[in-house]
Structures are given as C-alpha cells and as structure tokens.
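Observations on the model geometry
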Amino acid sequence: MSAGGARCAEVTFRTPDAVKLFPAEPLGGRATLRALAAPFPGVRFMPTGGIGAAGLPGYLAEPAVPAVGGSWMATPTLLKSGDYAEIRRLTAEAVERSMPWPT
C-alpha cells in the first residue's frame, strides 16, 4: 500500500478488514501505522518491509496489527546456502517473540 490515508480509504471499500502496509519501516514504521489506523478503526494492518526480529514485538503490540511479515527469517544468503537449520531457528525465534505469554 502506498503512504497516505486516501489509499487506505480506497482499499477499505474493497477489503474493509485488512491491508498490507509495505514497506512499513521506510514509510515511517509504527508512527505511520498509528496515523493510518486512527481514522480507520476497523481496519487491521499487516506491516512488512524492513522489519526485523527486534521490531516484531513492537508491531504486534499495536492493536491494529494481527500479524507481521518479514524476510529476516529466510534471507537470500540462508536460502542460497541451504542453511535450513538456521531458517528454522530464526522462525522459531520469531514465533517465540510473537507470543504474548511465556512458553
């Protein structure tokens, strides 16, 4: 989605419950997400783009965010080298970080 409320309004007429916010970090991160969510309280945002493992909990703490996308778990380098053990480890870490309760 491009930056701006007009685009968000346009999208909500077609898919009123969820929109992808991409690229989230270059567009201003959580501050932009909050600014877009304020006038569209029924819309849920899935931010992706420039988000790493450290940013995951902050985005998931936002009421308008049910999920976060990210490619830090399966980088081109890891995929090219076939390091699936590291991909599994990073994915498990992301799942752990996304849980609101201790496991």
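Here the residue numbering is sequential within each chain, running from 1 through the sequence in written order. Selection of residues for local features in this predicted model requires a pLDDT of at least 70, selection of side-chain atom pairs for listing and counting requires 80 or more, and totals for whole chains, interfaces and linings are taken over all residues. Hydrogens and waters are ignored; side-chain quantities use all the structure's heavy atoms.

A closer look at helix α2 (residues 29-37)
Helical geometry note: an α-helix holds 3.6 residues per turn, so side chains three or four residues apart project in the same direction. Within α2, the full set of buried residues consists of G29, T32, L33, L36 and A37. All buried residues of α2 fall inside an arc of 130 degrees around its axis, so they share one side. Facing away from the buried side of α2, by more than 90 degrees, are the exposed residues A31 and A35. Classification of residues uses two cut-offs on accessible area relative to the type maximum, computed with a 1.4 Å probe and protein chains only: under 20% is buried, over 50% is exposed, and between them is partly exposed. Only DSSP runs of H or I with at least four residues qualify as helices, and only runs of E with at least two residues qualify as strands; both kinds are numbered from the N terminus onward. The directions considered for the arc are those from the helix axis to the C-beta atoms.

Overview of the packing of aromatic side chains
Centre distance and the angle of the planes are the two values used to describe a pair of aromatic rings. Aromatic rings from Phe, Tyr and Trp, with only the six-membered ring used for Trp, were paired whenever their centres fell within 6.5 Å, and each pair was classed as stacked if the ring planes differed by under 30 degrees, edge-to-face if by over 60, and tilted otherwise. Applying the stated criterion across every chain, the model contains zero aromatic pairs. For a lysine, the NZ atom is tested; for an arginine, the CZ atom; a charge sits over a ring if that atom is within 6 Å of the ring centre and within 35 degrees of the ring normal. Sitting over the face of the ring of F22, K20 holds its NZ or CZ atom 5.2 Å from the ring centroid.

Brief notes about the pattern of salt bridges
When a carboxyl oxygen of Asp or Glu is within 4 Å of a side-chain nitrogen of Lys or Arg, the pair counts as a salt bridge. For the coordinates displayed, the defined rule picks out five salt bridges. The structure contains a network of salt bridges with shared partners spanning E86, R89, E93 and R97.

Details of the pairing of strand β2 (residues 44-47)
Of the two faces of β2, only one is covered, namely that formed by F45 and P47; the face formed by R44 and M46 stays uncovered. Looking at chain direction, strand β1 (residues 18-21) and β2 are connected through four bridges and run parallel. The residue bridging K20 from the neighbouring strand is M46, located in β2. At this point the chain moves from β1, through α2, to the parallel β2, and the crossover so formed is right-handed. At least two bridges found by DSSP between two strands is the condition for calling them paired. Note on handedness: a clockwise path from strand one over the helix to strand two, with the strands aimed away from the viewer, defines a right-handed crossover.

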